[in-house]
Amino acid sequence: MRAVVQRVSRAQVDIGGQTVGAIGRGLVVLLGVGHDDTEAEAERLWSKIARLRIFEDADGTTNLSLADVEGEVLVVSQFTLYASCRKGNRPSFTAAGAPDEANRLYEWFAERARRDVARVETGRFGAYMDVSLVNDGPFTLCLDTDEL
């Protein structure tokens, strides 16, 4: 499982001109599911994200977690995180999870996050989405469960 995590001051996802999810201060998680991923990877990834100390304290040091700042979360499915550009110029997505299982794990991940965070919003799996955000910092991390 892979995630691009961005610390934001606000973010939203729109589908067909309608906002389907919006948050204030917190994290945007662009989530990619691989074909071998299970709930174990989703749990490990969420546990890492939830504990990341990437928010600034009163001294300006990144020392606070999502819970410490009562942050919100926007989770957006992003199968393109599994793109391979090794051959040619057209990305291959064969490493991405099958849609039904990827959707199940995406929903599982969001529900898991809701156990820890008061406000968790999502996009819509498989939909064409417009994601807008104000990256706070900017602060962006790339996480892969194969490396955690």
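Structure: above.
One structure accompanies this document, and this report is about it. Just so we're clear, the structure is a prediction, and the values are computed from it rather than from any experiment.

1. With respect to the side chain of Q6
Logical step 1: As for its position among the elements, Q6 is in strand β1 (residues 2-15).
Logical step 2: The class of Q6 is buried, set by a relative accessible area of 14%.
Logical step 3: Within the structure, the side chain of Q6 is placed 3.5 Å from the side chain of T140, a separation counted as a polar contact.

2. Describing unusual backbone geometry
Logical step 1: Following G137, the chain continues to P138 via a peptide bond in cis, the omega torsion being 0°.
Logical step 2: Along the chain, P138 falls in strand β8 (residues 130-144).
Logical step 3: Residue E70 is not a glycine yet carries a positive backbone phi of 50°.
Logical step 4: Structurally, the position occupied by E70 is in the loop between β5 (62-64) and β6 (72-77).
Logical step 5: Here E70 falls in the exposed class, since its relative accessible area comes to 72%.

3. Let's talk about the environment of D144
Logical step 1: Tracing the chain through its elements places D144 in strand β8.
Logical step 2: Apart from residues no more than four positions distant in its own chain, D144 is found in contact with M1 and R2.

4. Points about helix α1 (residues 39-51)
Because the α-helix completes a turn every 3.6 residues, residues three or four places apart line up on one side.
Logical step 1: Compared with the 18 Å implied by 1.5 Å per residue over 13 residues, the 18 Å span of α1 between its first and last C-alpha is a close match.
Logical step 2: Along α1, the positions that sit buried rather than exposed are E41, A42, L45, W46, S47, I49 and A50.

5. Digging into the packing of aromatic side chains
Logical step 1: Within this structure, the stated rule accounts for 3 aromatic pairs.
Logical step 2: Judged by centre distance (4.9 Å) and plane angle (65°), the ring pair of F79 and F93 falls under edge-to-face. Pair noted here: F79 is in the loop between β6 and α2 (99-114) and F93 is in the loop between β6 and α2, with a separation of 14 residues, a long-range link.

6. Describing the pattern of salt bridges
Logical step 1: Under the criterion given, the structure shown has 9 salt bridges.
Logical step 2: Residue E72 pairs with R119 through a salt bridge whose shortest N-O separation is 3.9 Å. One end of the pair, E72, is in strand β6; the other, R119, is in the loop between α2 and β7 (120-122), with 47 residues separating them in the sequence.
Logical step 3: The exposure class of E72 is partly exposed, given its relative accessible area of 22%.
Logical step 4: For E111, the salt bridge is made with R114, and the minimal N-O distance between the two is 2.7 Å. Of this pair, E111 and R114 are both found in helix α2, 3 residues apart, which corresponds to roughly one turn of the helix.
Logical step 5: When its relative accessible area of 45% is taken as the criterion, E111 is described as partly exposed.
Logical step 6: One salt-bridge network, held together by shared partners, links E39, E101 and R104.

Conventions adopted
- Residues numbered from 1 in each chain as written.
- Predicted model: local features only at pLDDT ≥ 70, side-chain atom pairs only at ≥ 80, totals over all residues.
- Heavy atoms only, no water.
- Helix = DSSP H or I, 4+ residues; strand = E, 2+ residues; numbered from the N terminus.
- Buried < 20%, exposed > 50% of the residue type's maximum accessible area, 1.4 Å probe, protein only.
- Polar contact = N/O pair within 3.5 Å; in protein donor to acceptor, adjacent residues only side chain to side chain.
- Contact = heavy atoms within 4.5 Å.
- Expected span 1.5 Å × (residues − 1).
- Phe/Tyr/Trp six-rings, centres within 6.5 Å; stacked < 30°, edge-to-face > 60°.
- Salt bridge = Lys/Arg side-chain N within 4 Å of Asp/Glu carboxyl O.

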